[in-house]
Amino acid sequence: GFVFDQLADGWDNMYQNLQQFKEREGHCVVPNNHKENGKKLGQWLFLQRQKKKNGNLESLHEERLTKIGVEYDNLVEQRWVIMFQLLIQFRDREGHFRVPQFHQENGRNLGNWLCTQEQNKIYGQLDPTHERLLLDAGAILRDKNRDAL
């Protein structure tokens, strides 16, 4: 009946917002607090992932989300790669890696992210693959013995 149709329309509407996000951003890694067209897309996608994890996501919905490129695992790595790409974008535009701490790139906190990478390096917690990518790109990370960027 009516309620079911409303729910289906709501899902389709959120899916369309996700398609719009992907067309603009090139991926489906939506921050949990992100809104698209005034709708809480990040929360909605988080809920879809939770449903999948709990075995409650409708197969048609799962199929559509997978087809558009939604991943259900390894989100931390996906987010890292996106931030790294933003860092490269910054470097290509500005000619250096001296990102101000509170600088936002495409609405994401690039300065804080880079600061976190340096902190992880100082405390020996930076993933070696991530460190290699940063160094190969030309980033110089501060560590205990060196205070340079």
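For the structure, check the block above.
Remember, predicted model here, so these are calculated numbers, not experimental data.

### Regarding the overall build of the protein chain
Across its full length, the protein chain carries 6 helices and 2 strands. When the helices and strands of the protein chain are read in sequence order from the N terminus, they spell out α-α-α-α-β-β-α-α. For the protein chain, the residues scored as buried account for 35% of the 149 residues in total. As displayed, the protein chain has an accessible area near 9500 Å², and 48% of this comes from carbon and sulfur atoms.

### So, the packing of aromatic side chains
Using the criterion set out here, one finds 4 aromatic pairs in the structure. Plain terms: the ring middles of Trp11 and Trp44 are 5.4 Å apart, the flat faces sit at 65° to each other, and that makes the pair edge-to-face. Taken together, the residues Trp11 in helix H1 (residues 2–25) and Trp44 in helix H2 (residues 41–53) connect sequence positions 33 residues apart. The same class applies to Trp11 as to Trp44, namely buried. Linked through ring pairs, Trp11, Tyr15 and Trp44 together constitute an aromatic cluster. Sitting over the face of the ring of Tyr72, Lys52 holds its NZ or CZ atom 5.3 Å from the ring centroid. For Arg64, the ring lying beneath its charged end belongs to Tyr15, and the centroid distance is 4.3 Å.

### Here's the deal with the pattern of salt bridges
The tally for this structure, following the rule as stated, stands at 9 salt bridges. Its salt-bridge partner being Arg24, residue Glu25 comes within 3.2 Å of it at the nearest N-O pair. Among the ionic pairs, Arg93 bridges to Glu105, the shortest N-O distance being 2.6 Å. Of this pair, Arg93 sits in helix H4 (residues 75–94) while Glu105 sits in strand E1 (residues 104–105), placing them 12 residues apart in sequence. On the basis of relative accessibility, which here comes to 44%, the residue Arg93 falls in the partly exposed class. Each of Arg24, Glu25 and Glu36 takes part in a single network of salt bridges with overlapping partners.

### Overview of the nonpolar core
Formed by 19 residues in total, the largest nonpolar core has its most connected members in Phe84, Leu87, Val99, Leu110, Trp113, Leu114 and Leu134. Those elements that provide at least two residues to this core are H4, helix H5 (110–122) and helix H6 (128–137). Of the residues forming this core, the biggest block, 8 residues, is contributed by H4. By size, the runner-up hydrophobic cluster in this structure holds 15 residues, among which are Met14, Leu41, Trp44 and Leu45.

### Some thoughts on the packing of H4 against H5
A pair of packed helices is captured by two measures, namely the crossing angle of their axes and the spacing between those axes. Two elements in contact, H4 and H5, have axes whose closest approach is 10 Å; the angle formed by their N-to-C orientations is 110°. Relative to H5, the element H4 lies roughly perpendicular. Considering the relative orientation of H4 and H5, their crossing is left-handed. Across from Trp80, Met83, Phe84, Leu86, Leu87 and Phe90 in H4, the residues of H5 making contact are Leu110, Trp113, Leu114 and Gln117. For the contact of H4 with H5, the class distribution of residues is 9 nonpolar, 1 polar and no charged.

### Quick notes on H5
Over its 13 residues, H5 runs 19 Å from end to end, which matches the ideal 18 Å to within 8%, given 1.5 Å per residue. Every buried residue of H5 is listed here: Leu110, Gly111, Trp113, Leu114, Gln117 and Glu118. Seen along its axis, H5 keeps its buried residues to an arc of 165°; they face one direction. Buried residues along H5 sit against H4, E1, strand E2 (108–109) and H6. In the stretch just after H5, Gly124 is the one whose phi turns positive, near 70°.

The rules behind these values
- Residues numbered from 1 in each chain as written.
- Predicted model: local features only at pLDDT ≥ 70, side-chain atom pairs only at ≥ 80, totals over all residues.
- Heavy atoms only, no water.
- Helix = DSSP H or I, 4+ residues; strand = E, 2+ residues; numbered from the N terminus.
- Buried < 20%, exposed > 50% of the residue type's maximum accessible area, 1.4 Å probe, protein only.
- Areas by Shrake-Rupley, 256 points an atom, 1.4 Å probe, with all protein chains shown as cover.
- Phe/Tyr/Trp six-rings, centres within 6.5 Å; stacked < 30°, edge-to-face > 60°.
- Lys NZ or Arg CZ within 6 Å of the ring centre and 35° of its normal.
- Salt bridge = Lys/Arg side-chain N within 4 Å of Asp/Glu carboxyl O.
- Core = buried A, V, L, I, M, F, W, Y, C linked by side-chain atoms within 4.5 Å.
- Axes fitted to C-alpha atoms, helices over the stretch in contact; angles between N-to-C directions.
- Parallel < 35°, antiparallel > 145°, perpendicular 65-115°, else oblique.
- Left-handed = near helix turned anticlockwise from the far one by under 90°.
- Contact = heavy atoms within 4.5 Å.
- Nonpolar A, V, L, I, M, F, W, Y, C, P; charged D, E, K, R; others polar.
- Expected span 1.5 Å × (residues − 1).
- Arc of directions from axis to C-beta.

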